[in-house]
Amino acid sequence: MENIQALRNLLAEPKKVVILTHRNPDGDAIGSSLALYHLLKKQGHEPVVVCPSEYPGFLEWMDGVHQMVIYDADIDLAKAEIESGEVFFCLDFNALDRIDKVGEILAPIAKPKVMIDHHLEPESFPDFLLSDTTASSTSELIYDFIQLMGWEALLDIKIGECIFTGIVTDTGSFKYSTSPKLYRTVASLVELGVNDYLLQDLITNSQEEKHLRLLGHCLFNRMEILEEYRTGIITLTKEDYARFDIQRGDTEGIVNYILRIRGIIMAVFITEQPTIVKISLRSKGDFSVQEIAQKHFKGGGHKNASGGASFIGLKATLKKFRELLPEYREALNRINEFTV
């Protein structure tokens, strides 16, 4: 991060700080936001977290989650909080369109903006930028940010739990995007007093019965394996959403089950929403799904985990995706899954 001293000076006196994260926030979005929220509160600032949409239910236990302002639930309050902000932190997103209407409110406000993120190609709107695409998560970068600012003495178990939650969820419990540095970070959190066993239990073992029945339905009735392209696809229809009463966060992680199949390099999860079709892509090794999401579905993300959207309906979207596969057949078949 450049101009780090200027940011230290900016935050030397109490400010109204607005923390923003992306629509459909995941564990990393909420974990990094709440870690920063608790950190700034300890320094005497007046922080508020504003999310475009609701957080998933499996994060209900997190300290501070009920103090967040949800734009979709209270537009007037969210707008008032943003317009009264003196400093803005943009966490776990790299472009204003990732926060939808919230981005339209933020864009014309001429107040300092800080972006902390690990996605590719960040936009140029922030005044301060901490970006590292090799980082496992934005939560890992929050830990780095604390060190850069010289705030290590403020770290406590509450903040550590938030950082740990973001890291665990974005790495799939340490299966993806790991590094020696990440494990050193996690070790320091455990040394601080973070109960890693308890948090793993809260994060992964808090599902309702319907979640397991939905997973079974996806794997048995909705999964298609295209061996020629080393690709697996799961689709969910509007009828599936009604049958299983699918709410925000209920489908989290389902796409990753496809990659458990030997020989599969790319996993695709296509869901029929009320007005759009959402696409989640995952891959192994050096095969980039970010390119597919960006080039064909107006999306993006990471090399091995990206998403996008389509406005042509579920059947047409599925047909479009299948027709793209020959273009990537050679690249998919080059990947050696045993050396990823």
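Preceding this paragraph is the structure being described.
Since we're looking at a predicted model, the values are computed, not measured.

Reading the values: the criteria
- Residues numbered from 1 in each chain as written.
- Predicted model: local features only at pLDDT ≥ 70, side-chain atom pairs only at ≥ 80, totals over all residues.
- Heavy atoms only, no water.
- Helix = DSSP H or I, 4+ residues; strand = E, 2+ residues; numbered from the N terminus.
- Rg over C-alpha atoms; globule rule 2.2 N^0.38 Å.
- Buried < 20%, exposed > 50% of the residue type's maximum accessible area, 1.4 Å probe, protein only.
- Contact = heavy atoms within 4.5 Å.
- Lys, Arg positive; Asp, Glu negative; His and termini not counted.
- Charge placed at Lys NZ, Arg CZ, Asp CG, Glu CD.
- Salt bridge = Lys/Arg side-chain N within 4 Å of Asp/Glu carboxyl O.
- Axes fitted to C-alpha atoms, helices over the stretch in contact; angles between N-to-C directions.
- Parallel < 35°, antiparallel > 145°, perpendicular 65-115°, else oblique.
- Left-handed = near helix turned anticlockwise from the far one by under 90°.
- Nonpolar A, V, L, I, M, F, W, Y, C, P; charged D, E, K, R; others polar.
- Expected span 1.5 Å × (residues − 1).
- Arc of directions from axis to C-beta.
- Core = buried A, V, L, I, M, F, W, Y, C linked by side-chain atoms within 4.5 Å.
- Disulfide = S-S within 2.5 Å.
- Phe/Tyr/Trp six-rings, centres within 6.5 Å; stacked < 30°, edge-to-face > 60°.

Observations regarding the overall build of the chain
For the chain, the helix and strand inventory stands at 12 helices and 12 strands. The C-alpha atoms of the chain give a radius of gyration of 20 Å, which matches the 20 Å a tight globule of 340 residues would have. Considering the chain as a whole, with its 340 residues, one finds that 52% of them fall into the buried category. Within the chain, residue pairs in contact and separated by at least 24 positions form 65% of the contacts whose partners lie at least 6 positions apart. Taking the 36 positively charged and 49 negatively charged side chains of the chain as two groups, their mean positions are separated by 5 Å.

Focus: the pattern of salt bridges
Tallied over the full model, the rule gives 18 salt bridges. Taking the shortest distance from any N to any O, the salt bridge between Glu140 and Lys181 comes out at 2.7 Å. On the criterion of sequence distance, the pair formed by Glu140 in helix H5 (residues 138–149) and Lys181 in helix H7 (residues 180–192) is long-range, its members being 41 residues apart. Note that Arg222 and Asp240 form a salt bridge whose closest N and O atoms lie 2.9 Å from each other. Placement of Arg222 in the loop between helix H9 (209–221) and strand E7 (223–226) and of Asp240 in helix H10 (residues 238–243) is noted, with a sequence separation of 18 residues between them.

A look at the packing of helix H2 (residues 27–42) against helix H6 (residues 157–170)
Contact geometry of H2 with H6 gives a least axis separation of 7 Å together with a crossing angle of 165°. As judged from the angle between their axes, H2 and H6 are roughly antiparallel. Read as a crossing pair, H2 and H6 show a hand that is left-handed. Contacts between H2 and H6 involve Gly27, Asp28, Gly31, Leu34, Ala35, His38, Leu39 and Lys42 from the first element and Lys158, Ile159, Cys162, Ile163, Thr165, Gly166, Thr169 and Asp170 from the second. Residues belonging to the contact of H2 with H6 are distributed by class as follows: 6 nonpolar, 6 polar and 4 charged.

A closer look at H9
A turn of α-helix holds 3.6 residues, and therefore any two residues three or four places apart point the same way. Look at H9: 18 Å from first C-alpha to last across 13 residues, which is about the 18 Å you get at 1.5 Å a residue. Among the residues making up H9, those that are buried are Lys210, His211, Leu214, Leu215, His217 and Cys218. In a view along the axis of H9, the buried residues occupy a sector of 160°, so they form one face of it. Of the residues in H9, the exposed ones pointing more than 90 degrees away from the buried face are Glu209, Leu212, Arg213 and Phe220. Residues of H9 that are buried make contact with E7, strand E8 (231–236) and H10.

With respect to the nonpolar core
Phe89 and Ile163 are the most contacted members of the largest nonpolar core, which totals 50 residues. Counting residues per element, this core draws most heavily on H2, which supplies 7 residues. In contact with Ile163, not counting residues within four places along its chain, are Gly31, Ala35, Ser139, Ile142, Tyr143, Ile146, Leu155 and Leu189. By size, the runner-up hydrophobic cluster in this structure holds 23 residues, among which are Leu226, Tyr229, Ile279 and Val289.

Notes on the state of the cysteines
Each disulfide is one covalent bond, formed between the sulfur atoms of two cysteines. What the rule picks out here adds up to 0 disulfides. With no disulfide of its own, Cys90 lies 12 Å from the sulfur of Cys51, the closest cysteine sulfur. A residue is classified by how much of its surface remains accessible, and Cys90, at 0% relative accessible area, is buried. For Cys162, which is in no disulfide, the shortest distance to another cysteine sulfur is to Cys51 and amounts to 13 Å.

A short note on the packing of aromatic side chains
Counted according to the given criterion, the structure contains 6 aromatic pairs. Ring geometry for Phe287 versus Tyr328: centroids 6.1 Å apart, planes at 85°, classification edge-to-face. Separated by 41 residues along the polypeptide, Phe287 in the loop between strand E10 (277–283) and helix H11 (289–296) and Tyr328 in helix H12 (residues 314–334) bring together distant segments of the chain. Residue Phe287 is classed as buried on the basis of its relative accessible area, which comes to 3%. Classification of Tyr328 as buried rests on a relative accessible area of 6%. Ring geometry for Phe297 versus Phe321: centroids 6.2 Å apart, planes at 25°, classification stacked. Note that Phe297 is positioned in the loop between H11 and strand E11 (300–301) and Phe321 in helix H12, a separation of 24 residues in sequence.

Worth remembering: the numbers are spatial, not functional.
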